[in-house]
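# Overview (structure and organization)
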Amino acid sequence: MSHHTAMTPEATWVARWAGALLCLVVAAIHVVDQGGITTTRDPYYVGVAYHVLEIAAVVAAVLLLIGLVRLGWLLAAVVAVGPLLGYIFSRGTGLPDYSDDIGNWTEPLGLVSLAVEGVLLLLSVPLFVRSLRRRAY
């Protein structure tokens, strides 16, 4: 697996554009949920996680669009899994110093976020695995 392999298009343009768009939607949802780009949620570590997620989502989208698909699909899967886990933990047992959302399973923006992240996960994992199987020529 050379560096060249990571540069070749591993998925169709449609899949890459869809993945990039889904990543950007994940970022947008979290910007809206936190109250804007310059706002940081409380507790501080949750706010930082939001910002890291938003940056990672934009980077994943760019990677997919410029053709670095192996890294792009891997990062897209992380962008999908991170907030899914955050949603489950924040609504289930709660997080340290963050119990406001315990039991709030039906928040509309949260449900939209789950749907987008679920589709992104279903798209990104098989395409990442496929990118691992490709060989350089």
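Summarised in this report is the structure supplied together with it. (Residues numbered from 1 in each chain as written. Predicted model: local features only at pLDDT ≥ 70, side-chain atom pairs only at ≥ 80, totals over all residues. Heavy atoms only, no water.)

### Some words on the nonpolar core
Quick reminder of the rule: The nonpolar core is taken to be a set of buried Ala, Val, Leu, Ile, Met, Phe, Trp, Tyr and Cys residues, with the residues joined through side-chain atoms within 4.5 Å. Burial classes: relative accessible area under 20% of the type maximum marks a residue as buried, over 50% as exposed, and values in between as partly exposed (1.4 Å probe, protein chains only). Labels follow the DSSP assignment, with helices taken as runs of H or I lasting at least four residues and strands as runs of E lasting at least two, numbered in each case from the N terminus.
One finds C23, V26, W73, A76, V79 and L120 to be the most contacted residues of the largest nonpolar core, which totals 22 residues. At the level of elements, α2 (13-34), α3 (44-66), α4 (69-91) and α5 (108-133) are the ones that each hand at least two residues to this core. Top contributing element to this core by residue count: α2, with 7 residues.

### Some remarks on the packing of α3 against α4
To be explicit about the condition: All axes are obtained by fitting lines to C-alpha atoms, using only the stretch in contact for helices, and the reported angles, taken between N-to-C directions, cover 0 to 180 degrees. We call two directions roughly parallel when the angle between them is under 35 degrees, roughly antiparallel when it is over 145, roughly perpendicular when it lies between 65 and 115, and oblique otherwise. It is the rotation of the near helix from the far one that decides the hand of a crossing: anticlockwise by less than a right angle makes it left-handed, clockwise makes it right-handed. Contacts between residues were defined by any pair of non-hydrogen atoms, one from each residue, lying within 4.5 Å.
Where α3 contacts α4, the two axes come as close as 8 Å, and the packing angle between them is 150°. It follows from the interaxial angle that α3 and α4 lie roughly antiparallel. Two packed elements cross with a definite hand, and for α3 against α4 that hand is left-handed. Here α3 contributes L53, A56, A57, V59, A60, L63 and L64 to the contact with α4, which in turn contributes V69, L71, G72, W73, L75, A76, V79 and P83.

### Concerning the side chain of Q34
Put simply, the rule is: Polar contact is defined as a pair of N or O atoms within 3.5 Å, subject to the rule that within protein one atom must be able to donate a hydrogen and the other to accept it, and that residues adjacent in sequence are counted only when both atoms are side-chain atoms.
Structurally, Q34 can be placed in helix α2. Look at Q34 and you get buried, because its relative accessible area is 4%. Engagement of the side chain of Q34 in a polar contact is seen with the side chain of E54, the distance being 3.4 Å.

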